[in-house]
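Fold and geometry: a report
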Amino acid sequence: MQIILHNEWLGLLRSKWLVTILLLFGIALTLVTWLSTLQNKQQAAAQIAAQKHIRNQWDSMKPTNPHSAAHYGSYAFKPINALSSLDAGVLAVTGNVIRLEGHGQNEAAYTEAAQSVHLSKFGKLLPAVLLQYLLPLWLLFLSFSSYTSEKKHQRIKLLVIQGTPLGKLLLAKIISIWSIGLLLLLLSTVTQLVSIPTQYNADVLNRLLLLYTGYGLYYFIIIAFTIWVSVVAKTNTAALAFTVAAWVLWTIFLPQIIGNAVEKTAPLPTRIAFQKAMEEDRSKGIDGHNPAGDRQKELEKATLAKYGVDSLAALPINFDGIVMQADEEYGNTVWDKHFGQLYKQLQVQKNTYQLSGFINPFASLQGVSMGAAGTDMVHHVHFLKEAENYRRVFIKTLNDKHAFGGSKTGDWDWKPQANFFSSIKDFSYQTPSYRSFWKNYWIDIALLTLWAAVLALTILFTAKRVSIV
């Protein structure tokens, strides 16, 4: 087997056009990866500067009413992921900054797509575009010509007659071409490591390993499938047409068709309908600016009984702050209800789409790529939940100060010292560990492995029954 592999590699290296394309592709991949990491660093630096500016404004705030400070609010910044320069995933359309304020929850804003002048369907030219689309297509053509040229000049027949098992020869061809794909993939990951070494830790390195594994399995699938078709097809033209058609189906048509089908079977509410439903539920609770109704009366009655007084003026605390926090807690219940249902539906869509990996390995590759890079919807939802949890603590701290800080009911001019605001901790987000990848994407790795194993066994099975002589 080693001798066969050695001869295959020598044969590939003797081809000037192959070496030329390999060099050009390597240069392009290195350049695109480097430029992506450079842009990533610039975005990260801009975000850090903006975050410091917002925090400085908050720390230098003059004495003001806590409720006014709640409306002034703050911001939650989603850190720029070290691997988002490889695969941006959903980041271009989800936004990475959330305004945190009282009486409501805001959506993530400042999406990359909204600020970009690039109108390409693929967006920015990231390494993932080359690694998911162009490199597999090149490996497909390389695999096809590797076998058909041998078949055309009848070298396959000569090798088989001399005692070389066809199965070993086919596997050697697969491995030799696969090594080219793995080499280019390694070139991209090494460039990524060299470009921003200070951002890497054990978690990021493990994520890179997952990325490498996913792409490596997909390249093996592409190469093995192409060579198998070349073996069983009656003509070279038919083999090439079939493999190219399969690539187009996998990468373009099936993702769109299955994606639309998933949206139909597990639809999400429209933004207008979703917001209307939340506003309707929210309006049924206590209005923080105009407390009235049964809920307000029950809260007032319970508060007076707790402190043993018969009027709001006799309370030793500020009832307005109590009302504000009660309004927040009801709003939190509404948020949990509607966003909880929304996140469950997104999970259903994701799980359903993942099953398409049984017929489309490209779907599994996309899941592995975004999941390992930390740029998928799962990571984004985690950020949204953490930002909302912080917002609740942030606003409750202000409302509690308003209620129990020393003011009385109706005293809207009361202001705590400025050092109170600076004592509130800033939002700090920690990306989930790479271990969370297995919970959400083990099926994608399993399906890619299954595809690779089935194709390898199919190659060996076909080799025993196809007639070359």
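Here, every reference points to the structure presented above.
Overview of the structure. (Residues numbered from 1 in each chain as written. Predicted model: local features only at pLDDT ≥ 70, side-chain atom pairs only at ≥ 80, totals over all residues. Heavy atoms only, no water.)

**A few points about the overall build of the protein**
When helices and strands are tallied, the protein shows 17 helices and three strands. Considering only intrachain contacts with a sequence separation of at least 6, the fraction spanning at least 24 residues in the protein is 82%. Accessible surface, the protein: about 23700 Å² in total, of which carbon and sulfur atoms supply 63%. (Helix = DSSP H or I, 4+ residues; strand = E, 2+ residues; numbered from the N terminus. Contact = heavy atoms within 4.5 Å. Areas by Shrake-Rupley, 256 points an atom, 1.4 Å probe, with all protein chains shown as cover.)

**Digging into the environment of Val194**
Locating Val194 in the fold gives a position in helix α8 (residues 166–195). Classification of Val194 by relative accessible area gives exposed; the value is 62%. (Buried < 20%, exposed > 50% of the residue type's maximum accessible area, 1.4 Å probe, protein only.)

**Things to note about the packing of α8 against helix α17 (residues 436–465)**
Running from N to C, α8 and α17 point in directions that differ by 140 degrees, and their axes come no closer than 8 Å. It follows that α8 is oblique to α17 by the angle criterion. As α8 runs across α17, the sense of the crossing is right-handed. Taking contact as the criterion, the partners of Leu166, Gly167, Leu170, Leu171 and Ile174 in α8 are, on α17, Ile459, Leu460 and Ala463. Tallied by class, the residues present in the contact of α8 with α17 amount to seven nonpolar, one polar and no charged. (Axes fitted to C-alpha atoms, helices over the stretch in contact; angles between N-to-C directions. Parallel < 35°, antiparallel > 145°, perpendicular 65-115°, else oblique. Left-handed = near helix turned anticlockwise from the far one by under 90°. Nonpolar A, V, L, I, M, F, W, Y, C, P; charged D, E, K, R; others polar.)

**Side note on helix α14 (residues 361–373)**
The end-to-end C-alpha distance of α14, which contains 13 residues, comes to 18 Å, matching closely the 18 Å that a straight helix rising 1.5 Å per residue would cover. A large share of α14 lies buried, amounting to twelve of its 13 residues. Gly374, located one to two residues past α14, shows a positive phi value of around 75 degrees. (Expected span 1.5 Å × (residues − 1).)

**Re the environment of Gly259**
Looking at the element boundaries, Gly259 is found in helix α10 (residues 236–265). The contact partners of Gly259, leaving out residues within four places of it in the chain, are Leu254 and Tyr353.

**Things to note about unusual backbone geometry**
Phi is positive for His103, close to 70 degrees, though the residue is something other than glycine. Positionally, His103 belongs in the loop between β2 (97–101) and β3 (104–105). A relative accessible area of 22% places His103 in the partly exposed class.

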